Structure formats: structure tokens, C-alpha cells
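Reading the structure
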Amino acid sequence: MSSLQKKTDVILIGAGVMSATLGSLLKELAPQWEIKVFEKLANAGEESSNEWNNAGTGHAALCELNYTAEKSDGSIDISKAININEQFQLSKQFWSYLVDSNLIRNPQDFIMPIPHMSLVQGESNVTFLKKRFKALSKNPLFQGMEFSDDPEKLKEWIPLIMEGRTSNEPIAATKIDSGTDVNFGALTRMLFDHLKSNNVEINYEHSVKDIKRTSDGSWEVKVLDNVSGKIENHIAKFVFIGGGGGSLPLLQKTGIPESKHIGGFPVSGLFMVCNNPEVVAQHHAKVYGKARVGAPPMSVPHLDTRYIDNKKALLFGPFAGFSPKFLKTGSNLDLIGSVKPNNVLTMLAAGAKEMALTKYLIQQVMLSNEKRMEELREFIPNAKSEDWDIVTAGQRVQVIKDTEAGGKGTLQFGTEVVSAADGSVAALLGASPGASTAVHVMLEVLEKCFPQHMKEWEPKILEMIPSYGVSLVENPEFFQDIHASTAETLGLSAKELAYS
Ligand SMILES: Cc1cc2nc3c(=O)[nH]c(=O)nc-3n(C[C@H](O)[C@H](O)[C@H](O)COP(=O)(O)OP(=O)(O)OC[C@H]3O[C@@H](n4cnc5c(N)ncnc54)[C@H](O)[C@@H]3O)c2cc1C
């Protein structure tokens, strides 16, 4: 084992969509900065960002019912839906900039248009959906949304779901054609190819083992070359911990005060994937249902048309479950290893508070394939077991922290940027809404960590992302322009493209 010491401006840990996005933004804003990436696996986008490990929904709140809560007075709160939609517009603008500048090519290899639908059954759910539709459809960001509770119309929209349905319960759906399926794995690989051809040093099969402050305020990152077994020490002024589920243990190693009293709760996932091309061909939408009472928001069932490996696919899920690993390729000791003296009370409090969730996850783990088929048959009444296989999805590590509203040990379902007060290190924790909002989240990293550069960078940011700092919902004409131009560049206007 030998030890080398090398200096650089920026170290990105992990080759997922978040590091890919931050690296690509920095390459445009500060092209002279030297960037190094360390990824423990052999390729980019192999963990949560991989196309088989996530649901590929371009989350814009077009179909996810958990983004529009019903208030106690019965009205619908659409503020979260607006936020998430605006964040997705930032992603589309940055991707369009990259395509227009020839920095990445062939956008249909990573983004495809697909209708987004919400589907509910039962009188109270139909009433909720109707109210939600009324609140959203008059908002410019959700223009074009349609509602129907007419079974004949629904047969046109979702024949596979309506065929063989015998229940007399009221049923209703909304549909909006401006939804997308995003292959985040393909996008991540494209962005890393772009970075590699622009002198970013990408080190695969390199695991980061430790991160320590140096006497001048930089960071020393200890890296194991998995192939040669050599240890290298790299020094950087700025480190981004984009290790996905593996970010929390690395953040804890920095010892920064902001890393204390935070824990992680891993939730695993399974999808069912259809192996019968005739069934795949009968469906063309992402259809989101309503989470069961007591189920966490990430387990909302949905039936999704996907574009993977250049062909149309059909996936159902996710089924949540429990595994102590923080990454799909992680270790069974991850969870226990993340319990430290400074977060043990927070973790214990969460354990006591979240008994219902733990019970729910255990029940999900115990589900037999036939029970999973029963859940699928709520979407596709005629589904046949032999047409469906199981694939293991990525791990999500939900953040546990002490909050004013929730008290000690509160489970968070969003994403959080945790950074040092001096901005020299930042980590991304949490998983939702996830990859769709990568550009928004990485802009937040820039704002928190490089406030001294933001004024100088602003013109370039606006060139790449024209709606940066502007509310689109308050500027409907600007939204129309952006919506039309990103659709044109990313090929989202054409309804059926090559792979149908
Ligand atoms: C089941 C499921 C469904 C989802 N559905 C959606 C969806 O529909 N839409 C959406 O927008 N988002 C979705 N997400 C969330 C989305 O996948 C994630 O938010 C996103 O991929 C996270 O990207 P990342 O770069 O942070 O992490 P990752 O893609 O996990 O990348 C982290 C990388 O860091 C590496 N790494 C970790 N530790 C180390 C170390 N010590 N040294 C070196 N390398 C290390 C890992 O090997 C990995 O390659 C879903 C997630 C899951 C699990």
C-alpha cells in the first residue's frame, strides 16, 4: 500500500446524477477549475440513478397525489405541486442548454413524452381528484390537464386498466400529455461522458474512505483504489458528497457541526416488470394511484410506461421494504454503523415514533408474489402472473432529524443539502422528489457554497437556465415560451417517437 497526495479544486464523490449535474454546472461556470470524481463502482449511474433502480418519472406534480394535500377546510393546497413543477422546469432548461450547445446529444435517449395520469376509486377519492383537478387546471403550469369519471372515456385513455374491471365503485382519472419519462441512468452516463471529454478526471473503482479537514481549511479525502489496493490522499478546496445512500456516513466523517444529530432510515424497493410485449403495447402512460392509509409517500403504486434500453417497457410498483443497506451494493452493517453518540437519541426517538412505518415495511417485505399480483390486479384486473417478473430497485435513505414541528427523531421524505458554514463541503441527503430536481438542488449547493461567485456567475446561469430566480407561475407568458422551447429542443412535442 502506498500513499500519494494530490491537490485539486473540486472533488465530487459518487458518479450519480447529482455529481453529474453539479460537475456539468461547474464546468460551464468555472471552466478553469480542476475537478476530480471518485466512484466506487465500475461505471457511472449504477446506484439509484440507474434506470432499473428508480421509476424514471420526471416529477412535475402532474400525477403525484401526495404533492396536493387536502386542507382541513376541504380545499386543496397546491403550493408544493407548484414548487416541484417549477423545479422540474429548471432541469428541462439546463438539459436543453446542454443539447443546444452540443455538449450532449440525442435527448430522446434520456427523455420521452408520456402522459401523466392520476387514478382513484371510491366516492371520496373521486371528490378529492375532482377538487384537485379544479385547483390545478386553472394554473398555467398545469394547463392541458383533463378529468374524466366516464368509464367509456377512461377505456380510451387506459384500456389495459379498464378491461375486465367489474367493480361498480366510482372511478376517475386526470390526464396531462406534457408528462415525461426520464432515463436518469442514460442522462448520468451522458453527462459523465461530456465531463470526461472536458478534462474532468473520473476515477471508477475508487472508494472514498475518509474525509478530514487540513490546517488551511481544505479537505483531505482518503481514497482506496479497489483494483490495486493503493490508498491515495487527495486535497481539495471544495468537496461534494454525492454518494446517494452512502452520503450520510461520509458526511459524518467530516465531523462538521451540521453533520450531527442526523440519522438515516433505509427503505428498499421492488418493481414488477412485464415480460409480455403484447401487454406492454396496450398501455401508454404513467398512472399514479393513491398511497394506502399508513403507507409512506414513496410507496404510492404506479403503472408506468418506460423507455429503457431503447424499447418500451411496463413497470409496476414500487413495493417498499426494509434492508439495513444504505446502497443497493452496500453492507448489512450500514445502518448500525451510522448510529453515533451524537445521533443515537434522534434515531431511538424515530424508532419509537415510526412503529407504524416499520410495521408497514415488514409487511411489504413478507408479501408473496401472489399478494403482489393482487395489488397489480387493482390496476390491471386481467394481469397474469407469468407475464410479470420482479426487479430490485434502488435504496432510499430517508433523513431522520430533530425538527421544531415534528420534535426529536422526525422522518423526512424530501432531499436536504447539508453544508459546512464556510461552504467548503456539502452533502446531499434524502431521495425525493429526487433526480428530477437535480438542477434545482445543485443550484442550491452553488448558492450555499459559493456565495462569493454567484454575482459573477449569474449571467451564465441565466443563459443556461433563463427562469433562474423567476417565478414561472407568476409569469405565465414566460412559462409558455420556456415550455415551448424546451419541448422543441428535447423532442417532447412529438407524441409517439421512435420506440413505440
Ligand atoms: C425506488 C426508487 C424510485 C425512484 N423514482 C424516482 C423517480 O421516478 N423520479 C425521480 O426523479 N427520482 C426518483 N428516485 C430518486 C432518484 O433515483 C435519486 O434521487 C437520485 O438517483 C439520486 O442521485 P445521487 O447521485 O444522489 O445518488 P446515486 O445515483 O445513488 O449515486 C451515488 C453514487 O455514489 C457512489 N458512492 C457511494 N458511496 C461512495 C464512496 N464512499 N466512495 C465512492 N463512491 C461512492 C455510489 O456507488 C453511487 O454510484 C427514485 C429512487 C428510488 C430508490
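Residue positions are given per chain, counted from 1 along the sequence in the order it is written. Under the rules for a predicted model, residues below a pLDDT of 70 receive no local features and side-chain atom pairs below 80 are neither given nor counted, while totals for whole chains, interfaces and linings still include all residues.

Labels follow the DSSP assignment, with helices taken as runs of H or I lasting at least four residues and strands as runs of E lasting at least two, numbered in each case from the N terminus. Of regular secondary structure, the protein chain possesses 15 helices and 22 strands. A compact globule built from 500 residues would reach a C-alpha radius of gyration of about 23 Å, and the protein chain, at 23 Å, matches this within 12%. Along the first, second and third principal axes, the C-alpha set of the protein chain runs to 70 × 50 × 45 Å. Here the protein chain, with 500 residues, has 46% of them falling under the buried criterion. Here the contact rule is simple: place C-beta atoms from the backbone, and any two residues whose C-beta atoms are within 7 Å are in contact. The long-range share in the protein chain, meaning contacts at least 24 apart out of those at least 6 apart in sequence, stands at 75%. To get the radius of gyration, use the C-alpha atoms; to get the globule rule, take the number of residues to the power 0.38 and multiply by 2.2 Å. Burial is judged by counting the other C-beta atoms within 10 Å of a residue's own C-beta: 20 or more makes it buried, 12 or fewer makes it exposed, and any count in between marks it as partly exposed, with every C-beta position built from the backbone.

As a packed pair, helix 2 (residues 79–100) and helix 13 (residues 438–449) sit with axes 7 Å apart at the nearest point and diverge in direction by 90 degrees. Our classification of the angle between helix 2 and helix 13 gives roughly perpendicular. Contacts between helix 2 and helix 13 involve Gln87, Leu90, Ser91 and Phe94 from the former and Ala438, Val439 and His440 from the latter. In terms of residue class, the contact of helix 2 with helix 13 is built from four nonpolar, three polar and no charged. Between the N-to-C directions of two axes lies an angle of 0 to 180 degrees, each axis being a line fitted to C-alpha atoms and, for a helix, fitted only over the stretch in contact. Each angle gets one of four labels, with under 35 degrees taken as roughly parallel, over 145 as roughly antiparallel, 65 to 115 as roughly perpendicular, and the rest as oblique. Ten residue types, Ala, Val, Leu, Ile, Met, Phe, Trp, Tyr, Cys and Pro, are classed as nonpolar, four, Asp, Glu, Lys and Arg, as charged, and the remainder, Gly among them, as polar.

Among the 41 residues in the neighbourhood of the ligand, the closest are listed as Gly14, Gly16, Gly244, Gly246 and Gly434. Put simply, the parts of the chain that give the shell around the ligand at least two residues each are helix 1 (17–29) and strand 11 (206–213). The element best represented in the shell around the ligand is helix 1, accounting for three residues. Residue composition of the shell around the ligand, by class: 17 nonpolar, 19 polar and five charged. Only the C-beta atom matters for this test: placed from the backbone, it must lie within 6 Å of a molecule or strand for the residue to be near it.

A word on the domain arrangement of the protein chain. Often, the extent of an interface is quoted as the loss of accessible area upon association of its parts. Boundaries of every domain are those given by an automatic assignment or by a domain database. Taken as a whole, the protein chain is organised into domain 1 (60–174 + 471–500) and domain 2 (261–410). Just the C-alpha atoms count here: the centres of domain 1 and domain 2 sit 22 Å apart. Across the boundary between the two partners, domain 1 contributes 22 residues, which contact 21 residues of domain 2. For the side of domain 1 that touches domain 2, the elements supplying multiple residues, two or more each, are strand 6 (116–121) and helix 5 (159–162). Considering each element in turn, the side of domain 1 that touches domain 2 owes the most residues, five residues, to strand 6. Its residues placed into classes, the side of domain 1 that touches domain 2 shows 13 nonpolar, six polar and three charged.

The next thing to look at is the confidence of the model for the protein chain. Overall, the predicted model of the protein chain reaches an average pLDDT of 93, with 97% of residues at or above 70. Contacts from residues 495–500, a stretch scored under 50 in pLDDT, to residues over four places away or in other chains number 10 contacts. What pLDDT conveys is the predictor's confidence in a given residue, as a value from 0 to 100.

Further remarks concern the environment of Leu376. By the element assignment, Leu376 lies in helix 12 (residues 369–377). With 70 residues separating them in the primary sequence, Leu376 and Arg306 have C-alpha atoms 17 Å apart. Discounting residues that sit within four places of it in the chain, Leu376 has contacts with Met272, Phe316, Ala383 and Trp388.

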